[in-house]
Amino acid sequence: MRKAEIRRLEVDEYRAAYDVARVSQHNPPVSTSEWDLARHVYEPGLAVGAIVDGAVVGTVNLLPSQLTVPGGASLPMAASTGSGVHTDYTRQGLFNRLKQAQFDTAAEHGYLLIGNTPAQATLYGRFGHGVSTQSRALRIRKHEARLRSEVPAEGTVRLIDPESSLELLPKLYEQLGPYRPGVIARSAHWWKVYWERAMRAGQHFRIAVHSGAAGDDGFAVYAAKDNGSPGPNVTLLVTDFHAAGPAATAGLWRHLLSIDLVDEVCVRTRPTDELVEAMLVDWRGCRTHSIDDELWLRLLDVPAVLAARTYCDAKPVVLEVVDAFRPANSGRFRISPEGAVPTSETAQLTVDVDVLAMAYLGTTKFSTLAGIGRVQVAEPAALAHADRLFATDVASFCGTPV
Ligand SMILES: CC(C)(COP(=O)(O)OP(=O)(O)OC[C@H]1O[C@@H](n2cnc3c(N)ncnc32)[C@H](O)[C@@H]1OP(=O)(O)O)[C@@H](O)C(=O)NCCC(=O)NCCS
């Protein structure tokens, strides 16, 4: 078998690469009309392919974005998307080589991190990706879901038609800004590929927009799904829900729970610290369906990424980071409320780069990770200090699939 060449893809190879990724995930090749929107997932110089005899047999791609980190800074992040290897070329090390090339490509373009929401949870740890945000999927039985009288009832909700959403939602999402660590920027291309394409695929989405005193401040996208129960009642499946503050959040919940002929409202991704149960007269009207891994991060430039976030008040900690896949990215850092700087002091705690990704946005504590053997602990007292340094005021949340 001929050895594959790994190289950046040319524009006229993008569609073939897209089909490799689609077919590897059991989807048919893209149709011409769908490709018209899907092609926007490719930006010059960011897609890499494995080529054999002129044909693409494996591929990875990057979509530009930005990540909000604790303290509010936005870091250049590329979303990893469109990954796959043709079944007749798997287990020959192609993906390994594609990931090396993807990381080099991202670093050359100035991205400090790569983010993804992978289809396979067992694949990415070896490349240094770690779960950086978690989200909650929840299910509310509508007839048990009366809101308590104290829940804010400010502002109004209006439904907008899908065509208007193409202009309004991107502006509104941008306006919401970096309202939580983990929130990522959605480029014009993201909206085309992930929203316009779904919208044009024929499903009847409804889009609710909340407006407060200062204008539009949140939105929820949902669709009705026949749940097989007798009568005309449906399940409402909420696929995209973002709101900057409590009034907009409450207003959108009030709207979703007031819709007639609905048995239950299911929401795919909400922040883990949102207590919908406490908004209801009957706490048990809302059930957690699952707590899921959401955004996985791959820290490509550990010194820059550590320096970019703020830290809470606690004693300094010396942390060693080991990156087996990109050894030059390894290093030792003194982390304190003043920031993170490289140091030659003795390490108190040592972690692999994927483990740092789990702690970076405050989602998982160092003490929890140490308890499951993921932190090498030279000085036990440092664990509590590291927990406090990396803590965040609100739970990190992404809410954007990539
Ligand atoms: C997953 C996939 C990309 C792997 O490609 P590949 O070229 O066979 O991978 P490689 O041969 O380079 O293997 C890379 C490493 O990952 C491991 N690996 C490969 N597939 C894996 C899987 N499905 N689950 C867990 N580990 C896997 C290999 O054992 C190897 O480990 P090692 O470096 O420690 O030896 C390919 O099988 C595929 O396209 N699958 C379907 C689509 C898919 O899952 N895409 C990813 C979407 S997020």
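Residues numbered from 1 in each chain as written. Predicted model: local features only at pLDDT ≥ 70, side-chain atom pairs only at ≥ 80, totals over all residues. Heavy atoms only, no water.

This part is about the UniProt feature "binding site: acetyl-CoA" (unreviewed entry) in the chain. On the UniProt side, "binding site: acetyl-CoA" (unreviewed entry) is annotated at positions that read Arg91, Gln92, Gly93, Leu94, Phe95 and Asn96 here. Within the secondary structure layout, Gln92 lies in the loop between strand E4 (74–85) and helix H3 (94–108). Residue classification places Gln92 among the partly exposed positions, given a relative accessible area of 43%. With respect to the helices and strands, Gly93 occurs in the loop between E4 and H3. (UniProt positions renumbered as here; feature names shortened; annotations may be inferred. Helix = DSSP H or I, 4+ residues; strand = E, 2+ residues; numbered from the N terminus. Buried < 20%, exposed > 50% of the residue type's maximum accessible area, 1.4 Å probe, protein only.)

Turning next to the layout of surface pockets. Size it by volume and the second largest pocket reaches roughly 350 Å³. Together, 18 residues line the second largest pocket, and Arg180, Gly245, Pro246, Thr249 and Glu274 are the ones closest to its centre. Ranked by residues supplied to the lining of the second largest pocket, first place goes to helix H6 (residues 246–256) with 3 residues. Class assignment of the residues belonging to the lining of the second largest pocket gives a composition of 12 nonpolar, 2 polar and 4 charged. (1 Å grid on protein atoms, 1.4 Å probe; cavity = no way out; pocket = protein on both sides within 12 Å on 5 of 7 lines; lining within 4 Å. Points joined across faces, edges and corners; volume = space filled by probe spheres on them. Nonpolar A, V, L, I, M, F, W, Y, C, P; charged D, E, K, R; others polar.)

Counting 76 residues, the largest nonpolar core has Leu297, Leu306, Leu356 and Phe366 as its most contacted members. The greatest single-element share of this core, amounting to 7 residues, is contributed by helix H8 (residues 353–360). The contacts of Phe366, once residues within four sequence positions are left out, are Leu319, Leu349, Val351, Leu356, Ala359, Val375, Leu383, Ala386, Asp387 and Phe390. Counting residues in hydrophobic clusters, the runner-up holds 27 residues, among them Ile140, Ala145, Ala243 and Leu280. (Core = buried A, V, L, I, M, F, W, Y, C linked by side-chain atoms within 4.5 Å. Contact = heavy atoms within 4.5 Å.)

In this section: the pairing of strand E9 (residues 205–212). Across the 8 residues that make up E9, a large majority, 6, are buried. Connecting E9 to the next strand, strand E10 (residues 215–226), in antiparallel fashion are 2 residues. (Pairing = 2+ DSSP bridges.)

It is worth spelling out unusual backbone geometry at this point. Its identity is not glycine, yet His26 carries a phi of approximately 65°, on the positive side. Residue placement: His26 occurs in the loop between helix H1 (14–24) and helix H2 (32–38). The backbone phi angle of Arg91 is positive, close to 60°, even though this residue is not glycine.

Time to look at the environment of His210. Within the fold, His210 resides in strand E9. Judged by its relative accessible area of 1%, His210 is buried. Distance from His210 to Thr249, taken between C-alpha atoms, is 8.5 Å for residues 39 residues apart in sequence. Once residues within four sequence positions are removed from consideration, His210 is found in contact with Glu154, Gly155, Thr156, Val157, Gly215, Asp216, Asp217, Gly218, Ala247, Ala248, Gly251 and Leu252.

Under the definition given, this model contains 1 cavity of 30 Å³ or more. By volume, the largest cavity amounts to about 30 Å³. What lines the largest cavity is Leu63, Pro64, Ser65, Ala79, Ala185, Arg186, Ser187, Trp190 and Val402. At 3 residues, the largest contribution of residues to the lining of the largest cavity is made by strand E3 (residues 55–68). Considering only residue class, the lining of the largest cavity consists of 6 nonpolar, 2 polar and 1 charged.

Lining the immediate surroundings of the ligand are 19 residues, of which Val85, Arg91, Gly93, Gln120 and Arg126 lie closest. Residue Leu94 places a main-chain N or O atom 3.4 Å away from an oxygen atom belonging to the ligand. At 2.8 Å, a backbone N or O of Asn96 approaches an oxygen atom of the ligand. For the ligand, the accessible surface in isolation is 890 Å², of which the surrounding protein chains cover 75%. Secondary-structure elements contributing two or more residues to the shell around the ligand are E4 and H3. Residues that form the shell around the ligand fall into these classes: 7 nonpolar, 10 polar and 2 charged. (Near = heavy atom within 4 Å. Polar contact = N/O pair within 3.5 Å; in protein donor to acceptor, adjacent residues only side chain to side chain. Areas by Shrake-Rupley, 256 points an atom, 1.4 Å probe, with all protein chains shown as cover.)

This part is about H8. Burial analysis of H8 places 8 of its 8 residues in the buried class, which makes it a mostly covered element. Residues Val353, Asp354, Val355, Leu356, Ala357, Met358, Ala359 and Tyr360 constitute the buried set of H8. Directly after H8, the chain includes Gly362, whose backbone phi takes a positive value near 80°.

By a frequent convention, interface size equals the accessible area lost on bringing the separate parts together. When cut into domains, the chain gives domain 1 (5–111), domain 2 (135–293) and domain 3 (297–390). Contacts between domain 1 and domain 2 engage 19 residues on the former and 16 residues on the latter. Of the roughly 1400 Å² buried where domain 1 meets domain 2, counting both sides, 62% is carbon and sulfur surface. Interface area lost by domain 1 to domain 2 is led by Leu37, His40 and Thr68, which between them contribute 41%. For Arg197, the salt bridge goes to Glu34, with nearest N and O atoms at 3.2 Å. Ranked by residue count, the leading element in the side of domain 1 that touches domain 2 is E3, at 6 residues. (Domains from an automatic or database assignment. Buried area = accessible area lost by both parts, 1.4 Å probe. Salt bridge = Lys/Arg side-chain N within 4 Å of Asp/Glu carboxyl O.)

Per the UniProt record, "domain: Enhanced intracellular survival protein" (unreviewed entry) is annotated on residues 302–398. Secondary structure over residues 302–398 splits into 32% helix and 23% strand, and the C-alpha atoms at its two ends are 21 Å apart.

Let's shift gears to the sheet that holds strand E17 (residues 339–342). Pairing within the open sheet is mixed, and its 5 strands lie in the order E17-E16-E15-E18-E19. Two strands in the sheet have a free side with no partner beyond their single neighbour: E17 and strand E19 (376–377). Sheet analysis places strand E15 (residues 317–322) next to strand E16 (residues 331–336), joined by 5 bridges and oriented antiparallel. Paired with Val317 across the bridge in E16 is Ile335.

An α-helix turns once per 3.6 residues; consequently, residues spaced three or four apart project the same way. Burial of H6 is extensive: 9 of the 11 residues sit out of reach of the surface. Residues of H6 that are buried: Ala247, Ala248, Thr249, Ala250, Gly251, Leu252, Trp253, His255 and Leu256. In this structure, the buried side of H6 is in contact with strand E7 (134–141), strand E8 (156–160), E9, E10, strand E11 (234–243) and strand E12 (262–270).

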